[in-house]
Amino acid sequence: MTTYFTTSMFDKKDLAQFARKGITAAQVEKQLELLSAGFPYLRLEAAASVGGGITVIDESQANTYIRTWDNYCSSGHKVTKFVPASGAASRMFKDLFAFLNSDSGTPSTPFEKTFSDNIEKFAFFDDLNAACLKNTGKTVAQLKNDGEFKSVVRNLLLPEGLNYGSLPKGLLKFHHAGTSARTAMEEHMAEGALYATGSDGTVHIHFTVSPEHQALFSELASKCSKTFSKRYGTTYDISFSEQKSSTDTVASDPDGNPFREPDGSILFRPGGHGALIENLNELDTDIVFIKNIDNVVPDHLKADTVTCKKLIAGVLVTVQNKAFDYLRLLDTGKCTQQQLAAIAKFVQETLNCRFEGFAGMDDSAKAAWLHAKLDRPFRVCGMVRNVGEPGGGPFLAYNADGSVSLQILESSQIDMSNPHAKDLFTQGTHFNPVDLVCALKGYKGKKFNLPDYVDSATGFISSKSKNGRELKALELPGLWNGAMSDWNTVFVEVPLTTFNPVKTVNDLLRPQHQPAN
């Protein structure tokens with residue numbers, strides 16, 4: 001049963017709190033209703049697969065798309081690389097924090113032993129060794145020999161040392177680079193120069209950061225921009241934004257009432273990466289590449305990434321240009337039935353967007369439906385073969401208007417109690433590595449208002465606790481999930497070599513994050 005709330009449940013103090021955050025009482029009421037009622041599961045038609053929603057590009061096609069992208073970059077368009085980078089790296093070090101809090105003074109679990117035995121291989125080792133010397137008078141090797149490995153870990157994670165346990169991933173040293181080391185942020189800067197440089201020689205990169213870390217990001221960007229500019233013959237335009245307070249979501253207690261702090265204020269929590277659709281919406285750019293902060297590799301392994309980024313961007317430009325031609329044709333109001341059939345074939349086969357009632361429409365209604373479907377933001381998403389990594393999967397799903405389109409869905413959006421839906425989920429052959437290139441402007445050059453294309457019924461609810469009290473947390477529709485639900489979407493298979501996330505510190509020991517032999 002749906003619970004309905006009214007502003008009478010909020011006092012003046014509550015309303016003042018909402019005003020400070022830029023949130024209305026009506027928005028809070030709606031969020032509480034969602035926390036109480038939950039989100040509907042999405043109805044699936046099929047898991048997207050090769051030949052059924054996922055395109056495989058052969059070598060000759062790839063070369064054509066890459067040339068298309070290079071020509072696009074040289075023709076005056078603005079391209080931006082968008083990197084969500086605000087998340088703290090604390091989860092990377094979960095096992096090491098557990099070690100610090102344990103009774104054992106020496107590494108005992110497989111994770112702890114792997115970290116300890118290979119500690120010299122990490123790109124941050126020299127900094128860690130220096131911190132240990134400064135704070136303890138001993139090197140890492142001496143501390144290990146003396147059975148003081150907890151001191152090593154403290155110098156890595158805590159503020160008196162490198163403070164890696166509290167910093168965001170973007171500021172951590174990930175890779176060796178000759179005689180120096182690079183942070184994840186620097187790797188994105190190097191990568192951006194290889195496929196996102198405009199005709200004026202400028203690389204635009206936008207990072208979303210936490211307010212407490214923006215000064216550190218800015219300092220690092222300023223420090224390394226000159227080096228990268230000289231190396232790649234480019235100019236860097238690095239910008240930052242914070243997740244907006246107005247995108248925070250209310251938490252509720254198990255009974256559906258607002259979760260209140262001891263001082264009586266209502267608890268709000270960050271709305272998840274879906275909140276970043278607001279940040280993306282503020283960018284004045286033609287094309288945007290989106291990639292997670294931790295999915296980077298050293299220079300000797302960047303070739304596959306650069307090739308695939310150019311390839312999917314070339315696909316985007318090609319598909320968008322075709323759509324623009326069709327939109328201009330539709331604008332004439334003089335489309336023949338043969339032309340309408342060609343446009344419909346493009347929407348149905350290239351964009352994988354279908355509507356059962358389309359055949360029964362008259363020509364005028366068909367033209368209007370096709371125009372509405374084409375005049376939307378575009379995105380091309382790289383999809384890799386499923387190897388058991390966590391992440392959203394590509395599906396053909398039904399929309400509220402009865403149409404079917406390509407969507408990236410999380411398991412929580414699928415009714416696993418429904419045997420058919422569960423089978424479709426488990427049969428999925430690919431998953432989303434967060435490898436997107438997006439077009440944000442329409443055929444008349446006007447920027448789309450991206451929040452207009454969010455499906456608000458595709459959020460997430462999770463169970464959390466605070467100070468020993470249970471609560472329900474609400475996440476907004478994910479950035480590449482429901483926040484882009486009403487976009488035109490194309491899925492392209494890309495090789496697994498383009499997906500190299502760092503979820504734990506020991507992932508940095510994988511060959512993909514180590515120097516060339």
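Residues numbered from 1 in each chain as written. Predicted model: local features only at pLDDT ≥ 70, side-chain atom pairs only at ≥ 80, totals over all residues. Heavy atoms only, no water.

A count of helices and strands for the protein gives 15 helices and 19 strands. Since a compact globule built from 517 residues should have a radius of gyration of about 24 Å, the 25 Å found for the protein is in line with a globular shape. Overall, the protein is about 85 × 60 × 45 Å in size when its C-alpha atoms are taken along their principal axes. Looking at the protein residue by residue over its 517 residues, the buried ones come to 52%. Within the structure as shown, the protein displays about 22,900 Å² of accessible surface, and the carbon and sulfur contribution to it stands at 49%. (Helix = DSSP H or I, 4+ residues; strand = E, 2+ residues; numbered from the N terminus. Rg over C-alpha atoms; globule rule 2.2 N^0.38 Å. Buried < 20%, exposed > 50% of the residue type's maximum accessible area, 1.4 Å probe, protein only. Areas by Shrake-Rupley, 256 points an atom, 1.4 Å probe, with all protein chains shown as cover.)

The next point concerns the pattern of salt bridges. Throughout the structure, instances matching the rule amount to 26 salt bridges. Here Lys138 and Glu148 are joined by a salt bridge, their closest N and O atoms 2.5 Å apart. Here Lys138 is found in the loop between helix H6 (125-136) and helix H7 (140-145), whereas its partner Glu148 is found in the loop between H7 and helix H8 (149-157), with ten residues between them in sequence. Look at Glu148 and you get partly exposed, because its relative accessible area is 31%. Here Lys441 and Asp284 are joined by a salt bridge, their closest N and O atoms 3.4 Å apart. In this pair, Lys441 is assigned in the loop between strand E16 (435-439) and strand E17 (460-466) and Asp284 in the loop between helix H11 (277-281) and strand E11 (287-291), connecting sequence segments 157 residues apart. (Salt bridge = Lys/Arg side-chain N within 4 Å of Asp/Glu carboxyl O.)

In terms of nonpolar packing, the biggest core is built from 53 residues, with Phe93, Leu156 and Phe207 touching the most fellow members. Counting 49 residues, the second-largest nonpolar core is a separate cluster that includes Ala323, Leu374, Phe431 and Phe499. (Core = buried A, V, L, I, M, F, W, Y, C linked by side-chain atoms within 4.5 Å.)

Attention now moves to helix H10 (residues 214-232). Taking 1.5 Å of rise per residue, 19 residues should cover 27 Å, and H10 covers 25 Å from first to last C-alpha, within 8% of that figure. Along H10, the sharpest change in direction is near 35° and occurs at Cys224. Looking at the buried residues of H10, the elements they touch are strand E6 (180-183), helix H9 (184-195) and strand E8 (235-241). Of the residues flanking the end of H10, it is Gly233, one or two places downstream, whose phi is positive at about 65°. (Expected span 1.5 Å × (residues − 1). Bend = angle between axes of the 7 residues up to and from the residue. Contact = heavy atoms within 4.5 Å.)

What follows is about the environment of Leu157. Of note, Leu157 is situated in helix H8. Each C-alpha atom, one on Leu157 and one on Phe93, is 8.0 Å from the other, the two residues being 64 residues apart in sequence.

Quick look at the packing of H6 against H8 now. Direction vectors running N to C along H6 and H8 enclose 110°, while the axes themselves pass 9 Å from each other. By the angle between their axes, H6 is roughly perpendicular relative to H8. Handedness of the H6/H8 crossing: right-handed. Of the residues in H8, those in contact with Leu128, Ala131, Cys132, Asn135 and Thr136 of H6 are Ser151, Val152, Asn155 and Leu156. Broken down by class, the residue content of the contact of H6 with H8 amounts to five nonpolar, four polar and no charged. (Axes fitted to C-alpha atoms, helices over the stretch in contact; angles between N-to-C directions. Parallel < 35°, antiparallel > 145°, perpendicular 65-115°, else oblique. Left-handed = near helix turned anticlockwise from the far one by under 90°. Nonpolar A, V, L, I, M, F, W, Y, C, P; charged D, E, K, R; others polar.)

Attention now moves to the confidence of the model for the protein. Per-residue pLDDT for the protein has a mean of 94; in total, 98% of the residues score no lower than 70. Low pLDDT (under 50) marks residues 1-5, which in the prediction has nine contacts with non-local residues, meaning those over four places away or in another chain. (pLDDT = per-residue confidence, 0-100.)

So, about the sheet that holds strand E1 (residues 44-47). Taking strand neighbours across the sheet as the criterion, the three strands line up as E1-E13-E14 in an open arrangement whose pairing is antiparallel. Among the strands making up the open sheet, the edge pair consists of E1 and strand E14 (404-409). Between one strand and the next, the sheet's axes are offset by a mean angle of 30°, whatever the strand orientation. Pairing between E1 and strand E13 (residues 393-398): three bridges, direction antiparallel. Residue Leu44 lies in a different strand from E13, and its bridge partner there is Ala397. (Pairing = 2+ DSSP bridges.)

For the coordinates displayed, the defined rule picks out 23 aromatic pairs. Where Phe18 meets Phe268, the ring centres are 5.9 Å apart and the plane angle is 80°; that geometry is what we call edge-to-face. One end of the pair, Phe18, is in helix H1 (residues 12-21); the other, Phe268, is in strand E10 (residues 268-269), and 250 residues separate them in sequence. Phe268 carries the same exposure label as Phe18, and that label is buried. Between the aromatic rings of Phe115 and Phe122, the centroid separation amounts to 5.2 Å while the plane-to-plane angle is 40°, which identifies the pairing as tilted. Accessibility classification places Phe115 together with Phe122 in one group, the buried group. (Phe/Tyr/Trp six-rings, centres within 6.5 Å; stacked < 30°, edge-to-face > 60°.)

A few words now on unusual backbone geometry. Note on backbone geometry: most residues besides glycine have negative phi, and most peptide bonds are trans. Not every positive phi belongs to a glycine, and Asn163 is a case in point at roughly 65°. Residue Asn352 is not a glycine yet carries a positive backbone phi of 55°. Tracing the chain through its elements places Asn352 in the loop between helix H13 (337-350) and helix H14 (363-374). Looking at Asn352, the relative accessible area reads 13%, which means it is buried.

Right, let's get into the side chain of Thr197. Locating Thr197 in the fold gives a position in the loop between H9 and strand E7 (202-208). What Thr197 contacts, discounting residues up to four positions off in sequence, is Cys73, Gly192, Thr202, Val203 and Thr234.

Here the focus is the pairing of strand E12 (residues 378-385). Extensive coverage of E12 is indicated by the burial of seven of its eight residues. The pairing of E12 with E16 spans four bridges and is classified as antiparallel. Residue pairing across strands places Phe378 opposite Ala439, the latter belonging to E16. The pairing of E12 with strand E15 (residues 430-431) spans two bridges and is antiparallel. Bridge pairing in E15 places Val384 opposite Phe431.

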